[in-house]
Amino acid sequence: MAFRPIDQIMPLLAINETGGVHAFLGTSSFVQPGPLLVTADHVIGKWTGGLAIVHHDELSKLYPATIVRRDSSHDLALLRVDGYDPPSPFRLAADDDIHSSDLVVCMEYGSTTQGSNHITLQP
């Protein structure tokens, strides 16, 4: 199976009280062990409602996400996602695992746009 970053890197969404999408919050990624979903703490910010991810290949299905831990001083947040099993979550590298000749892939949803009644995801 080919590596598809879109299977591990997901948009994080704010969910309203009726279970619908309220807003796009930012980018998140699955990492091992766990798998756990990691994002920047500022992505969640002051949002206190529900959270979910959606896979770009199946936009009608929301996967609820629950905060496991937040660390604002390091701008990190860890979440657990029910119902979605990423095919190959990213392995966190130790300092001695990082080499200047390693291939680096970057993907995010930063150019996603949001209108009054819709969100256009743009990975």
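What you are looking at is a predicted structure, and each value in this text was computed from that prediction instead of being measured. (Residues numbered from 1 in each chain as written. Predicted model: local features only at pLDDT ≥ 70, side-chain atom pairs only at ≥ 80, totals over all residues. Heavy atoms only, no water.)

### With respect to the overall build of the protein chain
Then step 1. Helix and strand content of the protein chain: one helix and nine strands.
Then step 2. Of the regular secondary structure in the protein chain, the N- to C-terminal order runs β-β-β-α-β-β-β-β-β-β.
Then step 3. Since a compact globule built from 123 residues should have a radius of gyration of about 14 Å, the 15 Å found for the protein chain is in line with a globular shape.
Then step 4. Principal-axis analysis of the C-alpha atoms places the extent of the protein chain at approximately 45 × 35 × 25 Å.
Then step 5. Across the 123 residues of the protein chain, 34% fall into the buried class.
Then step 6. Restricting to contacts in the protein chain with at least 6 residues of sequence separation, those with at least 24 account for 56%.
Then step 7. Surface exposure of the protein chain reaches about 7700 Å², of which carbon and sulfur atoms provide 53%. (Helix = DSSP H or I, 4+ residues; strand = E, 2+ residues; numbered from the N terminus. Rg over C-alpha atoms; globule rule 2.2 N^0.38 Å. Buried < 20%, exposed > 50% of the residue type's maximum accessible area, 1.4 Å probe, protein only. Contact = heavy atoms within 4.5 Å. Areas by Shrake-Rupley, 256 points an atom, 1.4 Å probe, with all protein chains shown as cover.)

### Topic: the layout of surface pockets
Empty space among the atoms becomes apparent when a probe as large as a water molecule is rolled across them.
Then step 1. For the largest pocket, the calculated volume is near 550 Å³.
Then step 2. Lining of the largest pocket is provided by 17 residues; of these, F90, R91, L103, V104 and V105 occupy positions nearest its centre.
Then step 3. Elements that contribute at least two residues to the lining of the largest pocket include exactly β2 (21-32) and β7 (90-91).
Then step 4. The class makeup of the residues in the lining of the largest pocket is 12 nonpolar, two polar and three charged.
Then step 5. Empty space within the second largest pocket amounts to approximately 230 Å³.
Then step 6. Only β2, β5 (58-71) and β9 (119-120) provide two or more residues apiece to the lining of the second largest pocket.
Then step 7. Split into classes, the residues belonging to the lining of the second largest pocket amount to seven nonpolar, eight polar and no charged. (1 Å grid on protein atoms, 1.4 Å probe; cavity = no way out; pocket = protein on both sides within 12 Å on 5 of 7 lines; lining within 4 Å. Points joined across faces, edges and corners; volume = space filled by probe spheres on them. Nonpolar A, V, L, I, M, F, W, Y, C, P; charged D, E, K, R; others polar.)

### Describing the packing of aromatic side chains
Then step 1. Scanning all chains against the criterion turns up two aromatic pairs.
Then step 2. A ring pair is formed by F30 and Y84, whose centres lie 5.5 Å apart and whose planes are at 35 degrees; its orientation type is tilted. Of this pair, F30 sits in strand β2 while Y84 sits in the loop between β6 (76-81) and β7, and the two are 54 residues apart along the sequence. For the pair F30 and Y84, a shared accessibility class is recorded, and that class is buried.
Then step 3. An aromatic cluster is present here, built from F30, Y63 and Y84 joined pairwise through their rings.
Then step 4. Directly above the ring of Y63 sits K61, whose terminal nitrogen or CZ lies 4.7 Å from the centroid. (Phe/Tyr/Trp six-rings, centres within 6.5 Å; stacked < 30°, edge-to-face > 60°. Lys NZ or Arg CZ within 6 Å of the ring centre and 35° of its normal.)

### Comments concerning the side chain of S28
Then step 1. Mapped onto the fold, S28 is located in strand β2.
Then step 2. Here S28 is in contact with Q8, I9, M10, P11, L12, L37, V38, T39 and I53, once residues within four sequence places are set aside.

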